[in-house]
Each structure stands twice: as C-alpha cells, then as structure tokens.
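# Structure assessment
Single-letter residue listing:
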Amino acid sequence: MLVIVKKLTLFERKRMEKRIAILASGVGSNAVSIIKYFKENSGADVVLVGSNKPEALVLKKAADLGVPSFVFNKGALTSRPDVLNKLLKEEIDFIVLAGFLLQIPESIVRAFPNRIVNIHPALLPKFGGKGMYGKHVHQAVIEAKEKESGITIHYVNEFYDDGAVVFQTRCSVGENDSITTLVEKIQALERKYYPLIIEKIIQKL
Ligand code: GRF
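Every chain is numbered on its own, with residues counted from 1 as its sequence reads. Only residues with pLDDT of at least 70 are given local features in this predicted model, and only at 80 or more are side-chain atom pairs given and counted; all residues enter the totals for whole chains, interfaces and linings. Computation of side-chain values: all heavy atoms of the structure, hydrogens and water removed.

### Observations regarding the sheet that holds strand E3 (residues 69-71)
Which entries qualify depends on this criterion: Paired strands, in this sense, are two strands between which DSSP finds at least two bridges. Helix and strand assignments follow DSSP, with helices taken as H or I runs no shorter than four residues and strands as E runs no shorter than two, numbered in order from the N terminus. In this description, a line fitted to the C-alpha atoms serves as the axis of each element, helices being fitted only across the stretch in contact, and the angle between N-to-C directions of two axes falls anywhere from 0 to 180 degrees. Contacts between residues were defined by any pair of non-hydrogen atoms, one from each residue, lying within 4.5 Å.
Across the sheet, 7 strands lie side by side as E3-E2-E1-E4-E5-E6-E7; this open sheet has mixed pairing. The sheet terminates laterally at E3 and strand E7 (165-172), the two strands that pair on one side only. Taken pair by pair, the neighbouring strands of this sheet meet at an average axis angle of 20 degrees, ignoring direction. Bridging between strand E4 (residues 94-97) and strand E5 (residues 116-120) involves 3 bridges; their strand directions are parallel. Residue pairing for E5: Leu97 is matched across the bridge by Asn118. Sitting on the sheet, helix H2 (residues 29-40) touches strand E1 (18-23), strand E2 (44-51), E4 and E5, and the angle it makes with E2 is about 155 degrees.

### Describing the pattern of salt bridges
Counted only if it meets this: What counts as a salt bridge is simple: a side-chain nitrogen of Lys or Arg found within 4 Å of a carboxyl oxygen of Asp or Glu. A simple rule labels every residue: compare its accessible area, found with a 1.4 Å probe on the protein chains alone, to the largest value its type can have, and call it buried under 20%, exposed over 50%, or partly exposed in between.
This model, assessed by the stated rule, comprises 8 salt bridges. In this structure, Arg110 engages Glu106 in a salt bridge whose closest nitrogen and oxygen atoms are separated by 2.7 Å. Pair noted here: Arg110 and Glu106 are both in helix H6 (residues 106-111), with a separation of 4 residues, about one helical turn. Note on Glu106: relative accessible area 37%, which makes it partly exposed.

### As for unusual backbone geometry
For the peptide bond that leads from Leu124 to Pro125, omega is 10 degrees, which places it in the cis range. Here Pro125 lies in the loop between E5 and helix H7 (135-143). One non-glycine residue with positive phi stands out, namely Phe127, at about 60 degrees. Assignment of secondary structure puts Phe127 in the loop between E5 and H7.

### Details of the site of the ligand
What counts is decided by this rule: Summary of the distance rule: residues count as near a molecule or strand when at least one heavy atom falls within 4 Å of that molecule or strand. Any N or O atom pair separated by 3.5 Å or less is treated as a polar contact, with the protein-specific requirement of one donor-capable and one acceptor-capable atom, and with residues adjacent in sequence counted only for side-chain atom pairs. Shrake-Rupley sampling with a 1.4 Å probe provides the accessible areas, and residues are treated as covered by the protein chains on show and by no other component.
The full set of residues close to the ligand is Val27, Gly28, Ser29, Asn30, Gly99, Ile119, His120, Pro121 and Glu190. Asn30 is positioned such that a nitrogen or oxygen atom in its backbone is 2.9 Å from an oxygen atom of the ligand. Protein chains bury 83% of the 370 Å² of accessible surface belonging to the ligand in isolation. Those elements that provide at least two residues to the shell around the ligand are H2 and E5.

### A look at the packing of H7 against helix H8 (residues 179-203)
Inclusion rule: Here the word oblique covers every angle except those under 35 degrees (roughly parallel), over 145 (roughly antiparallel) and from 65 to 115 (roughly perpendicular). Crossing handedness is read from the near helix: turned anticlockwise from the far helix by less than a right angle, it gives a left-handed crossing, and turned clockwise, a right-handed one. Three categories are distinguished: nonpolar for Ala, Val, Leu, Ile, Met, Phe, Trp, Tyr, Cys and Pro, charged for Asp, Glu, Lys and Arg, and polar for the others, with Gly belonging to the last.
Following both chains from N to C, one finds H7 and H8 inclined at 115 degrees, their axes separated by 10 Å at the closest point. The orientation of H7 relative to H8 falls into the category roughly perpendicular. For the element pair H7 and H8, the recorded crossing hand is right-handed. Counted together, Lys135, His138, Gln139, Val141 and Ile142 of H7 and Ile179, Leu182, Val183 and Ile186 of H8 form the full contact between these two elements. Of the residues contributing to the contact of H7 with H8, the split by class is 6 nonpolar, 2 polar and 1 charged.

What follows is the structure in structure tokens.
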C-alpha cells in the first residue's frame, strides 16, 4: 500500500493552532499569562487583543508581547457589527474574556457557540452579576463572612456571569483576610488555571 505523507507547510501547521482573541478592559494579568502560555505550548495562539478602554494597560502588555490589538467603543460591540466583523475577518476560533466589563451581545454569542469563556473571581452563582467585578466582589465576600472564595470559569451567554460553569476551584477566606490578600489568592488561582482550562476546552473543538 502506498502511503503519501504530505509535509505540512509552516502556514498549514500554524493554521492548525486555534486562533484566540482576548477581550479585556483593565490591567491584563490574565491576558499576559494566557498569551505567554500559548507561546510556549502548541494548540492555540493568542492572535488578537481587543479592549473598550483606550487607556487599558492590557493594550501595552499585548504590544510588548507582540500581539496586535484593537480598541472599540460600546456601539461597535453592541449596536453595530464592527467587533463581530473584526473577529470573523481575523478567523478567530475562540474568545477569552479576561476582565472585560461590557456585556457580550447575542450576535457574537450566536456566532461563537460554546466558544467564549469568562473568568469570575468568586464562586458563581454567588457574588456575580452586574456591578460585581474587581474589588467589589472581594469586598462582598468579606462582608458576607464567607469561609471560602475562589474562581469560576464559565461559558459566556448574553447575560452577566450566567453561562454554564466549566471549572471552579476554591481558596480559604480567614478572619485576617483583607481585599488585598484575597486578591492575591484569587490572582494566583487565575494565573495557574485559566490557561490550562482554555487549553482543555480548545482541544475538544
Ligand atoms: C480578574 O480578577 C478576573 O477574574 C475578572 O477581572 C479581573 C481581571 O484582571 N473577570 P486582569 O485585568 O486580568 O488583571
């Protein structure tokens, strides 16, 4: 039997890598850990970072790591198809929200079914929803005298913090914990698990 082994061109090999776009509004520590992870591991590449905040630090961090970025306003995301068109033009396979503060419109959810994930810095369904972001989440956890908090990675639908949960992991919250110490614990979990869970989901696409 004759077996023809075709040598893949560099372009073909690269296209086997799934193309990730990250949407972020802030500092970008998750974006950085995900970009770096997929520079070192095969299966996916972060090829685009998008932000609704022109001043967001994540844009500078993306540039430092050689990842192209784009800035858009709320209208371009929700009332016009500009962001959707950009994602389609860039042949994006998977969207990662990393501290992205705007709601994703139904048009984008439909175009990327089970292909958008978000990370939330608490154990959903507790401490989620509109206004529950950043320090507000940790403050609410401490005020409620919770004994534990953690991270939730979930699929994204058109409602805040509402899609199916993919992964959760916990950390303790003690009497001596402050917002600062809780942020440190949660950020360590985010850096460790977000890239790994993204990789697992992408392997099944
Ligand atoms: C993270 O805590 C994440 O859980 C939440 O927003 C924060 C983003 O932080 N969704 P960064 O911009 O990645 O540093």
